[in-house]
Amino acid sequence: MKRFENKVVIITGASSGLGKDAAIRLAKEGANLTLVGRNCERLKETRKEINDLNLGNETLIVIADVANEDDVKKYVDKTVEKWGKIDGFLNNSGMEGKQNLTEDYGSDEFRRVVDVNLNGVFYGLKYVLKVMKKQNYGHIVNTASVGGIRGVGNQSGYSASKHGVVGLTRNSAIEYGQFGITVNAIAPGAIMTKMVEDSLRQMDPENPEKAGEAFVSVNPMKRFGKPEEVSGVIAFLLSDDANFVNGVVLPIDGGQSYKY
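None of these values were measured; they are calculated from a predicted model.

Participant: How should the pattern of salt bridges be read in this particular structure?
Facilitator: Two side chains with opposite charge may pair up if their charged atoms get near one another. Under the criterion given, the structure shown has 14 salt bridges. Glu229 is the partner of Arg223 in a salt bridge, and the nearest nitrogen-oxygen pair spans 2.8 Å. According to the relative accessible area criterion, Glu229 is partly exposed, its value standing at 32%. Overlapping salt bridges, with partners in common, bring together Arg3, Arg25, Glu29 and Asp241 in one network.

Participant: Help me understand the packing of helix α3 (residues 69–83) against helix α4 (residues 107–135), please; the structure alone is not making it clear to me.
Facilitator: Each pair of packed helices can be summarised by the angle the axes make with each other and by the distance between the axes. Where α3 contacts α4, the axes come no closer than 9 Å and their chain directions differ by 30 degrees. When the axes of α3 and α4 are compared, the pair comes out roughly parallel. Crossing of α3 over α4 shows right-handed handedness. Packed against α3, whose contacting residues are Glu69, Val72, Lys73, Tyr75, Val76 and Val80, the element α4 presents Tyr123, Gly124, Lys126, Tyr127, Val128 and Val131 at the interface. For the contact of α3 with α4, a count of residues per class yields eight nonpolar, one polar and three charged.

Participant: So what exactly am I meant to see when it comes to the nonpolar core here?
Facilitator: Nonpolar side chains in soluble globular proteins tend to be buried together. Judged by nonpolar contacts, the single largest core of 37 residues is most densely connected at Tyr75, Val128 and Ile140. Leave out the neighbours within four places in its chain, and Tyr75 touches Ile10, Thr12, Thr34, Val36, Val62, Ala64, Val66, Phe89, Asn91 and Gly124. If you look at the next biggest cluster of nonpolar residues, it comprises 27 residues, including Ala14, Ala31, Leu237 and Leu238.

Participant: What is the right way to read the pairing of strand β2 (residues 32–37) from this model?
Facilitator: The two faces of the sheet receive side chains in turn, since in a regular strand these alternate between them. Among the six residues in β2, six count as buried, and that is most of the element. Strand direction decides the pairing type here: strand β1 (residues 8–12) and β2, joined by five bridges, are parallel. When the bridges of β2 are listed, Val8 appears paired with Asn32. Handedness of the crossover joining β1 and β2 through helix α1 (residues 17–28): right-handed.

Participant: Can you walk me through the environment of Lys126 in this structure?
Facilitator: Among the secondary structure elements, Lys126 is positioned in helix α4. Exposure remark for Lys126: the relative accessible area of 32% places this residue in the partly exposed category. A distance of 2.9 Å separates the side chain of Lys126 from the side chain of Glu69, its partner in a polar contact.

Participant: So what exactly am I meant to see when it comes to the sheet that holds strand β7 (residues 249–252) here?
Facilitator: Either a parallel or an antiparallel arrangement is found when strands of a sheet pair, and the pairing is made through backbone hydrogen bonds. With respect to topology, seven strands assemble into an open sheet ordered β3-β2-β1-β4-β5-β6-β7, the strand pairing being parallel. Where the open sheet ends on each side, the last strands, each with one partner, are β3 (59–63) and β7. Direction aside, neighbouring strands of the sheet carry axes that sit 15 degrees apart on average. Examined bridge by bridge, β2 and β3 share five bridges and lie parallel to one another. Paired with Leu33 across the bridge in β3 is Thr59. Relative to the sheet, helix α5 (residues 156–176) contacts β5 (138–143), β6 (181–188) and β7, its axis offset from that of β6 by approximately 160 degrees.

Participant: Would you take a moment to explain the pairing of β5 for this structure?
Facilitator: Of all six residues in β5, six are buried, a share of seventy percent or more. Here β5 shows a buried face lined by Gly138, Ile140 and Asn142 and a second buried face lined by His139, Val141 and Thr143. Two elements, strand β4 (residues 88–91) and β5, share four bridges in a ladder whose sense is parallel. The residue of β5 that forms the bridge with Phe89 is Ile140. Taken together, β4, α4 and β5 constitute a β-α-β crossover, and its handedness is right-handed. With α5 bridging β5 and the parallel β6, this β-α-β connection has right-handed handedness.

Participant: Help me understand the packing of aromatic side chains in this model?
Facilitator: Between two aromatic rings, the relevant description is the distance of the centres plus the angle of the planes. For the coordinates displayed, the defined rule picks out four aromatic pairs. Ring centres 6.3 Å apart and planes at 45 degrees place the aromatic pair Tyr75 and Phe89 in the tilted group. Remark: Phe89 occurs in strand β4 and Tyr75 occurs in helix α3; sequence separation between them is 14 residues. Like Tyr75, the residue Phe89 is buried in the burial classification. Ring centres of Tyr176 and Phe179 lie 5.9 Å apart, and the angle between their planes is 50 degrees; on these two criteria the pair is classed as tilted. Taking the ring centre of Trp83 as reference, the NZ or CZ of Lys82 above it sits at 5.2 Å.

Thresholds applied
- Residues numbered from 1 in each chain as written.
- Predicted model: local features only at pLDDT ≥ 70, side-chain atom pairs only at ≥ 80, totals over all residues.
- Heavy atoms only, no water.
- Salt bridge = Lys/Arg side-chain N within 4 Å of Asp/Glu carboxyl O.
- Buried < 20%, exposed > 50% of the residue type's maximum accessible area, 1.4 Å probe, protein only.
- Axes fitted to C-alpha atoms, helices over the stretch in contact; angles between N-to-C directions.
- Helix = DSSP H or I, 4+ residues; strand = E, 2+ residues; numbered from the N terminus.
- Parallel < 35°, antiparallel > 145°, perpendicular 65-115°, else oblique.
- Left-handed = near helix turned anticlockwise from the far one by under 90°.
- Contact = heavy atoms within 4.5 Å.
- Nonpolar A, V, L, I, M, F, W, Y, C, P; charged D, E, K, R; others polar.
- Core = buried A, V, L, I, M, F, W, Y, C linked by side-chain atoms within 4.5 Å.
- Pairing = 2+ DSSP bridges.
- Right-handed = clockwise from strand over helix to strand, strands pointing away.
- Polar contact = N/O pair within 3.5 Å; in protein donor to acceptor, adjacent residues only side chain to side chain.
- Phe/Tyr/Trp six-rings, centres within 6.5 Å; stacked < 30°, edge-to-face > 60°.
- Lys NZ or Arg CZ within 6 Å of the ring centre and 35° of its normal.

What follows is the structure, given as structure tokens:
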């Protein structure tokens, strides 16, 4: 039996990057999925890739802005209307924002990044935890970042918001463990996704490849991570194999966070 057979998992940010890769991984393990994002066409592409595998999964697409609380309630309600439960939740939508020193960081930009990365995660927890508490069961994975466990420079909004995700994760894990619910977070480092590619272009618009080489030169593994190296960890944390793993913030960065 597949680990997620007859399970229902919501994934925000499912149209690209880590969310899309996780959706395909969980579908292969039997999950029925609610795919959430703002871009309908890209969500349809994710669903098509899953359908082309002929796995027999059901997928629900919900167009939503995670920074809008009403939209968050909508994707939760629609999931419960369709399946009557939520077994897993990958609280994943996020953005980097424009890089700048703190003194030059735009206040509107700061609010925008925090709205998506922190408020969006909070809204997701708020409405999904209500459902899981009634079930007395559920697994949640929040997407934090290595920028949520250490400073990264030039990313005030991103770092502040991801540190907030870590705090929400640990706080909710303490509150809801008694209800059979686990709440954990992943802290990816430089995983080769479009977000990281865009980040490298901000660092060096003339030669992003050079910026990438410099970035991984200090990584113990001397390379970028791959999306599938993250989705495997997500699948574990959302599965019953991780029933006694709670409140963990797991770096997925090749060991870079621990390097002096």
